[in-house]
Amino acid sequence: MHIVHLTSVHPRGDTRVFHKMCRTIAAEGHRVTLVVADGRGDETRDGVKILDVGRFRGRMARVLGAPTRVYKRALTLDADIYQLHDPELLPIGLRLKAKGRRVLFDSHEDVPQQIRSKSYINPLLRDAISAAMSRFESFVGRRLDGVIAATPHIHAKFEAMGIRSVAVKNYPLLSEFPAAPDRSVAQNAVCYVGGISGVRGILELVEAAGHLSTEARINLAGSFENPALREACTARPGWGRFNELGFLDRTGVNATLAGSLAGLVTLHPTNAYVMSLPVKMFEYMAAGLPVIASDFPLWRSIIEENACGVCVDPMDPVAIARAIDRLVMNPEEARRMGENGRRAVLTRYNWSAEKPILLDFYSATMAGPIDPVGFA
C-alpha cells in the first residue's frame, strides 16, 4: 500500500505521526509519504518520504493557507489511502473524496471538548464553537472512509455517530525505552514533561512545591503556553524548587526521566482530559517511574490495577505535595511502583500491540468500495 499522511500542524518528527505510524508502517514494507508544513524542505528519513509545503507564521495564516497547499501536494501523489492528522484538514478530506480517493481521519483528541478549555477562545463563544465543530466532525466523518481514534472514548464517540472507526491508542514505542534507568542512587526530584499550561496544572504544581516538607525538586521539561503564564509561575514562592529545562529532544527527555524518581501528570478535570490516555503517563511507566496522576476514574483504574503510582486531586496543591513527599521519603515503594509500571507497558501498553490494529484497518479500507462525495 501507499499511505500518505497529511498534516499542517504537527512537526515532521511528531511521535504519533512519524515515529509510530509512518516509520513502523514503512518498516513493514509499505510505501509511506508524509506531507508537512514546517518550512524545512523535502527529505527521506527512515524509509519515509517527507514533502514540505512551506511554513506559515501565525495560527490564522496557517489555518487559512496551509490546507490548500497540503491538498494540492496530496493530489500529485498516487496514494491508496490519505490519512488526515488535523481537524483543519477535514475540508480537504471531502475534496479528496470527491476525486475518488480513500481518506481516513486520525482523531488525536476530542476536539469539540478540547475547544471548551482553550484559553485563547472567548469564553462566551466556546460552547457555540464546540457544538459547531461536533456537527462538522459528524458531517465530514460520515463521508470519509473511516476514523482512527487515539482513545476508546473518541472511538466510541464516532461509532455512536454511525461512523466506521477503530481505536489505535497512543502507547509508547518500546524502542525508545530499551531499559529502565539505574535507580540504585537515591533521587530527590520528580518531573513533568510536556506542554506547560494552566489547564495542565502548572499553577497548582508551583503552589504544591511551596508545601513540600522534603528537599524534593521538580524537573520541568516543556514550553510555556505563553510568557504571561511563565511570569505568573516565576513570581510564586514555590518556583524556587523548579529546574526549568525548556523544550527537550528525545535524548534530553530520557535524561530527565533517568534523573527523576517519579513523573507528574496532574491535568485539570476537563471533559477533554478525564477520558484521555495521556502518552506521558505511559512514557513515565515505560521509563520505570511511578506516576503521580489526576484522580480520574479511567486513570485510577490503570494505576490501581498495575500498582504503579498515586492518584491525587489535581486542584489540591497540598495533596500533590504530599504525594511527592511520600515517594521521596519511601524510595523502595517508588522503585516497586516504577517496576510495576514498566512491566505493564512491556506486556500491554505499547505500540507493538496497536500497530496490527492499524494495519488491519488499512487493509479493510482497501477492501471496501470507493464512494466519492458529490463535490470537489
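Please refer to the structure placed before this passage.
Residues take numbers from 1 onward in each chain, read along the sequence in its written order. Where totals are concerned, whole chains, interfaces and linings use all residues; where local detail is concerned, this predicted model gives features only for residues with pLDDT of at least 70, and gives and counts side-chain atom pairs only at 80 or more. Working from all heavy atoms in the structure, the side-chain values ignore hydrogens and water.

> Tell me about the pairing of strand β14 (residues 309-312), residues and numbers included.
Pairs of strands are assigned from DSSP output, requiring at least two bridges between the strands. Each helix corresponds to a stretch of at least 4 residues labelled H or I by DSSP, and each strand to a stretch of at least 2 residues labelled E; elements are numbered beginning at the N terminus. Relative to β14, strand β13 (residues 291-294) runs parallel, the two sharing 4 bridges. Looking across to β14, one finds that Val291 is bridged to Gly309. Crossovers are described as right-handed under a simple rule: with the strands pointing away from the observer, the path leading from the first strand over the helix to the second runs clockwise. With respect to chirality, the unit in which β13 leads through helix α12 (residues 297-306) into the neighbouring parallel β14 is right-handed.

> Could you give an account of helix α3 (residues 90-98), with specific residues and numbers?
Only protein chains enter the area calculation, which uses a 1.4 Å probe; residues under 20% of their type maximum are buried, those over 50% are exposed, and those in between are partly exposed. Restricting attention to buried positions, one finds in α3 the residues Leu90, Ile92, Gly93, Leu94, Leu96 and Lys97. For α3, the elements touching its buried residues are β1 (2-6), α2 (59-75), β5 (81-84), β6 (103-107) and α5 (123-141). Gly100 sits one or two positions beyond α3 and adopts a positive phi of about 80 degrees. Two residues form a contact once any of their heavy atoms are found within 4.5 Å.

> Which residues make up the state of the cysteines, and what values do they have?
The rule for a disulfide is simple: a pair of cysteine sulfur atoms within 2.5 Å. For the coordinates displayed, the defined rule picks out 0 disulfides. The thiol sulfur of Cys233 is not disulfide-bonded, and the nearest other cysteine sulfur, from Cys191, lies at 17 Å. Classification of Cys233 by relative accessible area gives buried; the value is 0%.

> Tell me about the layout of surface pockets, and please be specific about residues and values.
Lining residues are defined by having an atom within 4 Å of a point belonging to a cavity or pocket. Those points lie on a 1 Å grid over the protein atoms alone, cavities being sets where a 1.4 Å probe fits but cannot get out and pockets being open sets with protein on both sides within 12 Å along at least five of seven lines. Grid points are joined across faces, edges and corners, and a volume is the space filled by probe spheres set on the points. What the second largest pocket holds in volume is close to 310 Å³. Taken together, 13 residues line the second largest pocket, and the ones lying closest to its centre are Val9, Ala37, Arg55, Phe56 and Arg62. For the lining of the second largest pocket, the class distribution of residues is 4 nonpolar, 3 polar and 6 charged. Residues are grouped as follows: Ala, Val, Leu, Ile, Met, Phe, Trp, Tyr, Cys and Pro are nonpolar; Asp, Glu, Lys and Arg are charged; every other residue, Gly included, is polar.

Interpretation note: all reported values are geometric properties and have no functional meaning in isolation.
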